[in-house]
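Given next are the chains, with one letter for each unit.
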Amino acid sequence: TPCVMWDHFFDWGDHMTKNIETLLAARQRSGVHSRSKLQIIAANDGLYAGVIDNKMAVKLGRDHWQPAGDDWSRVCGDHDWTVWTK
């Protein structure tokens, strides 16, 4: 179940609000829920990456990573984070 902090959504500016709305919509479109299976791909000092139900991939951290295969589409992100869906 997603948890969105009030101030992140309402007080941190339009860019943050848009990113949160985009992430919530992608999660809903992908059918990701609280019991979805998370496969952790990497977890180290510069990178945390995981794939959820083989429908959504998340990269956090400064190191480069992207999901393998051509069927992933970038949803949103920035230098230190990115989200993809199938």
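Scroll up to find the structure.
Not measured: the values here are computed from a predicted model.

Reading the values: the criteria
- Residues numbered from 1 in each chain as written.
- Predicted model: local features only at pLDDT ≥ 70, side-chain atom pairs only at ≥ 80, totals over all residues.
- Heavy atoms only, no water.
- Pairing = 2+ DSSP bridges.
- Helix = DSSP H or I, 4+ residues; strand = E, 2+ residues; numbered from the N terminus.
- Axes fitted to C-alpha atoms, helices over the stretch in contact; angles between N-to-C directions.
- Patch = residues over 30% accessible without salt bridge, like charges linked within 9 Å, V, L, I, M, F, W, Y side chains within 5 Å.
- Areas by Shrake-Rupley, 256 points an atom, 1.4 Å probe, with all protein chains shown as cover.
- Salt bridge = Lys/Arg side-chain N within 4 Å of Asp/Glu carboxyl O.
- Buried < 20%, exposed > 50% of the residue type's maximum accessible area, 1.4 Å probe, protein only.

## Quick word on the sheet that holds strand β1 (residues 38–44)
Then comes step 1: Reading across the sheet, the 5 strands line up as β1-β2-β3-β5-β4 and stay open at both edges, with antiparallel pairing between neighbours. The outermost strands of the open sheet, each flanked by one partner alone, are β1 and β4 (73–78). Here the strands of the sheet are splayed against their neighbours by 10° on average, with no regard to which way each runs.
Then comes step 2: As judged from the 5 bridges shared by β4 and strand β5 (residues 81–85), these two strands associate in the antiparallel manner. Considered in β5, the bridge of Arg74 is made with Trp84.

## Observations concerning a nonpolar patch on the surface
Then comes step 1: Residues Leu38, Ile40, Tyr48 and Leu60 make up a contiguous nonpolar surface patch of roughly 360 Å² in combined accessible area.
Then comes step 2: Relative to the helices and strands, Leu38 resides in strand β1.
Then comes step 3: Using a relative accessible area of 45% as the deciding quantity, one classes Leu38 as partly exposed.

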